[in-house]
Amino acid sequence: MQIKPIGNRILVQPLKQEEITASGIVLPASAEKEKKAQGKIIALGNGEDLKKLGLKEGDMVVFGKYSGEDVEVEKVEYKILYVGSEKDHSDVLAVME
Amino acid sequence: MQIKPIGNRILVQPLKQEEITASGIVLPASAEKEKKAQGKIIALGNGEDLKKLGLKEGDMVVFGKYSGEDVEVEKVEYKILYVGSEKDHSDVLAVME
Amino acid sequence: MQIKPIGNRILVQPLKQEEITASGIVLPASAEKEKKAQGKIIALGNGEDLKKLGLKEGDMVVFGKYSGEDVEVEKVEYKILYVGSEKDHSDVLAVME
Amino acid sequence: MQIKPIGNRILVQPLKQEEITASGIVLPASAEKEKKAQGKIIALGNGEDLKKLGLKEGDMVVFGKYSGEDVEVEKVEYKILYVGSEKDHSDVLAVME
Amino acid sequence: MQIKPIGNRILVQPLKQEEITASGIVLPASAEKEKKAQGKIIALGNGEDLKKLGLKEGDMVVFGKYSGEDVEVEKVEYKILYVGSEKDHSDVLAVME
Amino acid sequence: MQIKPIGNRILVQPLKQEEITASGIVLPASAEKEKKAQGKIIALGNGEDLKKLGLKEGDMVVFGKYSGEDVEVEKVEYKILYVGSEKDHSDVLAVME
Amino acid sequence: MQIKPIGNRILVQPLKQEEITASGIVLPASAEKEKKAQGKIIALGNGEDLKKLGLKEGDMVVFGKYSGEDVEVEKVEYKILYVGSEKDHSDVLAVME
């Protein structure tokens, strides 16, 4: 069984530490800001914002580490994240290319 | 007599523990997040968001365990849940396929 | 003299306890949620949401017991309830069929 | 000189106690809800909601007793009330027919 | 030099006490409501709400006494008031005719 | 180098005291309201509200003294102000003509 | 690997102190306002507001020093900033030309 997020939500598999190091991208922690994490898009809802923003399966994204909802499918950990074009409405900030 | 939710609401019958275990999907509890539950859609309102999101009778959905309203019809327990495409407006997060 | 609600409001006559029992529908009270009640639609305003949601005179509806406004016409007790398609905006959740 | 409310506002003359009694309509006071009052529409603004809701001069309406603004014209007391189709936005709830 | 309000704002010259008395309109003070005042429109912005509401130069209006901004032009006192069709958004409630 | 505000923002150079005195316009300070100031528009963003409101370079405007952001270009002090047609959204209230 | 912001977000590289001094633009710190900073746009999302506002790669912008999210790519520090046309919604205030 698989998870398909609804609307403007995506299912993301967080990167492992060695993949993050290899990417050359560091998201520094700070006292005032939520820590960031990186992950790969596994599935997307059918929301219009996702199409407008051009996100697709396999994209690597940057998101708030404690954002969204944890879900475990066949013992693998994922996150369901909300993606929006408005400020403060999106768990996802950027794509890594 | 049956319950028909209005607008963007659905009537859901929560899964039993053995059905949840069989699904292979685990929704871990945590201190900061609302516990999640799984259930089957029994009836849908005629709201536009439900059509856009492609939900239909029989779909298995993931929702906030304490979201929505409890209702008991002929001694069976159900929940009336709100489904929306906006962040923080939807009791339902994903469909299990 | 009669009461005609304006806009997306309806006039509802709450069901008596024996009618509720006969319906087979139980709306359990809980500590965190507003208690629910059941009633019959006596009159409707001309609001667009009422038409979209397909509500009509005689429909039996489920609503928040302490929602809306109490009104007594010729010694009969009624409630004026607001019906909306947005979450948290509707005093009415479902229709009993 | 007369008062003409602007937009979706109406000028209402509250009913006297004997008129209220004769109407057969009682609006019970309660601890949690604002007390209701009844009155006759004397003048209307040119707002679109007033037209949509079908209100007209001479209509008897039910409104929140402490809603709106008091105004005295030639020693007669009136109220300027706001009428809206959204929940919690309307001082007026229903028309008496 | 003159003041021209922008958008849905108007410049109003408050009436003197004898003009208010002559109008036959009294706006009673109360503990819970903002005191009202009366004045003449001297200039209008080019906002769409002003046109919809049909306000024009020379109109006598009722407004919240402490609403808006005070401005003194060539030693005469005026107020810049906001006029809106939404509830709680308008400093101006009615026109005197 | 020059500053070009984005969207519905304008760059304003505050008037000197002698220019304010000469204008004949006084904006009295009070305990409850933000003090006002006067200034000349130096540059405008390309926002639609600015066009609707008819503002242009060289216009003298009235604004909240502590509104907006201070910026110093080649040792001259300016302010970046937001202009909007909604109540409480605009740093600028009126134009002086 | 590079960072591509989504929607109405931009990737900005903050200017060094000598570049800021050379620009002739000073953004004074104050007790009540967020300190400002200056930077160069390195990448833009595909959001509609960015196009409307006419921002492009290489533009020098003024933004809130503590706004947005820090990100380090190949040991160079950048910021992901949100750009909006609404008041209080934009991390970016102006372009330097």
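**Things to note about the overall build of chain A**
The helix and strand tally for chain A stands at two helices and eight strands. Over its C-alpha trace chain A gives a radius of gyration of 13 Å, about what one expects of a compact globule, namely 13 Å for 97 residues. Counting only C-alpha atoms, chain A reaches 35 × 35 × 25 Å along its principal axes. Looking at chain A as a whole, 55% of its 97 residues qualify as buried. A fraction of 67% describes how many contacts in chain A between residues 6 or more apart in sequence connect residues 24 or more apart. With the model as given, the accessible surface of chain A reaches about 4,600 Å², and the carbon-plus-sulfur share is 49%. When the 14 basic and 17 acidic side-chain charges of chain A are each reduced to a single mean position, those positions are 1 Å apart.

**Considering the interface of chain C and chain D**
You'll often see interface size given as the accessible area lost when the parts meet. On the side of chain D, 26 residues touch chain C, which itself brings 23 residues to the contact. When chain C packs against chain D, close to 2,100 Å² is buried across both sides, 55% of that on carbon and sulfur atoms. Where chain C meets chain D, there are one salt bridge. Across the pair D:Lys36 and C:Glu69 runs a salt bridge whose closest N-O atoms are separated by 2.8 Å. One can count six residue pairs in polar contact (both at pLDDT 80 or more) joining chain C with chain D. Of all elements in the fold, only strand 1 (3–5), strand 6 (69–73) and strand 7 (76–82) of chain C reach the threshold of two or more residues within the side of chain C that touches chain D.

**Section: the side chain of C:Glu69**
Its place among the elements puts C:Glu69 in strand 6. Looking at C:Glu69, its side chain comes within polar contact range of the side chain of D:Lys36, at 2.8 Å. With near-sequence residues (within four places) excluded, C:Glu69 lies in contact with C:Tyr78, C:Lys79, C:Ile80, D:Lys33, D:Glu34, D:Lys36 and D:Leu93.

**Describing the interface of chain E and chain F**
On the side of chain F, 26 residues touch chain E, which itself brings 24 residues to the contact. Seen at the junction of chain E and chain F, the total is one salt bridge. Taken together, the elements giving at least two residues each to the side of chain E that touches chain F come down to strand 1 (3–5), strand 6 (69–73) and strand 7 (76–82) of chain E. Each residue belonging to the side of chain E that touches chain F can be placed in one class, and the counts come to nine nonpolar, seven polar and eight charged. In this sheet, strand 8 (residues 92–96) of chain F lies alongside strand 1 of chain E in antiparallel orientation, the contact comprising three bridges.

**Some words on empty space enclosed by the protein**
This model, assessed by the stated rule, comprises two cavities of 30 Å³ or more. Of the volumes computed, that of the second largest cavity is approximately 50 Å³. What lines the second largest cavity is simply D:Glu69, D:Asp70, E:Pro28, E:Ser30, E:Lys33, E:Glu34 and E:Lys36. Of the residues assigned to the lining of the second largest cavity, the class counts are one nonpolar, one polar and five charged.

**Considering the sheet that holds strand 6 (residues 69–73) of chain A**
The eight strands are arranged 3(B)-6(A)-7(A)-2(A)-4(A)-5(A)-8(A)-1(G) in an open sheet whose pairing can be described as antiparallel. Either end of the sheet is taken by a strand with one partner, and the two such strands are strand 3 (25–26) of chain B together with strand 1 (3–5) of chain G. Bridging between strand 4 (residues 36–44) of chain A and strand 5 (residues 60–64) of chain A involves five bridges; their strand directions are antiparallel. Across the sheet, A:Lys36 pairs through a bridge with A:Gly64, a residue of strand 5 of chain A.

**What about the environment of C:Val92?**
Residues and elements named next belong to chain C. Summarising the element assignment, Val92 is placed in strand 8 (residues 92–96). Residue Val92 is classed as buried on the basis of its relative accessible area of 0%. In this structure the C-alpha to C-alpha distance between Val92 and Ile10, which are 82 residues apart in sequence, comes to 9.6 Å.

**What to know about the confidence of the model for chain A**
Segments scoring low in pLDDT should not have their predicted coordinates read at a detailed level. On average, chain A scores 88 in pLDDT, and the residues at 70 or more come to 97%. Taken element by element, the predicted model of chain A shows its lowest mean pLDDT in strand 3 (residues 25–26) of chain A (82) and its highest in strand 2 (residues 9–14) of chain A (96).

**Side note on the side chain of E:Ser23**
With respect to the helices and strands, E:Ser23 occurs in helix 1 (residues 17–23). Given the relative accessible area of 6%, E:Ser23 is considered buried. If we skip the residues at most four places from it in the chain, E:Ser23 touches D:Met1, D:Glu74, E:Gln38 and E:Met96.

**Regarding the pairing of strand 2 (residues 9–14) of chain E**
All names here are of chain E. In this structure, strand 2 lies alongside strand 7, joined through four bridges in antiparallel fashion. Across the sheet, residue Arg9 finds its bridge partner in strand 7, namely Tyr82. Summarising the sheet, strand 2 and strand 4 (residues 36–44) pair through five bridges and their orientation is antiparallel. Paired with Ile10 across the bridge in strand 4 is Leu44.

**Examining the environment of A:Tyr82**
In this structure, A:Tyr82 sits in strand 7 (residues 76–82). In this structure the C-alpha to C-alpha distance between A:Tyr82 and A:Asn8, which are 74 residues apart in sequence, comes to 6.0 Å. Setting aside its immediate chain neighbours within four residues, A:Tyr82 contacts A:Asn8, A:Arg9, A:His89, A:Ser90, A:Asp91, A:Val92, B:Ser85, B:Glu86 and B:Lys87.

**Some thoughts on the environment of B:Pro28**
Within the element layout of this structure, B:Pro28 appears in the loop between strand 3 and strand 4 (36–44). Expressed as a C-alpha distance, the spacing of B:Pro28 and B:Tyr82, which sit 54 residues apart in the sequence, is 22 Å. Filtering out sequence-adjacent residues up to four positions away, B:Pro28 remains in contact with A:Asp70, A:Val71 and A:Glu72.

Parameters and conventions
- Residues numbered from 1 in each chain as written.
- Chains lettered and ligands numbered in written order.
- Predicted model: local features only at pLDDT ≥ 70, side-chain atom pairs only at ≥ 80, totals over all residues.
- Heavy atoms only, no water.
- Helix = DSSP H or I, 4+ residues; strand = E, 2+ residues; numbered from the N terminus.
- Rg over C-alpha atoms; globule rule 2.2 N^0.38 Å.
- Buried < 20%, exposed > 50% of the residue type's maximum accessible area, 1.4 Å probe, protein only.
- Contact = heavy atoms within 4.5 Å.
- Areas by Shrake-Rupley, 256 points an atom, 1.4 Å probe, with all protein chains shown as cover.
- Lys, Arg positive; Asp, Glu negative; His and termini not counted.
- Charge placed at Lys NZ, Arg CZ, Asp CG, Glu CD.
- Buried area = accessible area lost by both parts, 1.4 Å probe.
- Salt bridge = Lys/Arg side-chain N within 4 Å of Asp/Glu carboxyl O.
- Polar contact = N/O pair within 3.5 Å; in protein donor to acceptor, adjacent residues only side chain to side chain.
- Nonpolar A, V, L, I, M, F, W, Y, C, P; charged D, E, K, R; others polar.
- Pairing = 2+ DSSP bridges.
- 1 Å grid on protein atoms, 1.4 Å probe; cavity = no way out; pocket = protein on both sides within 12 Å on 5 of 7 lines; lining within 4 Å.
- Points joined across faces, edges and corners; volume = space filled by probe spheres on them.
- pLDDT = per-residue confidence, 0-100.

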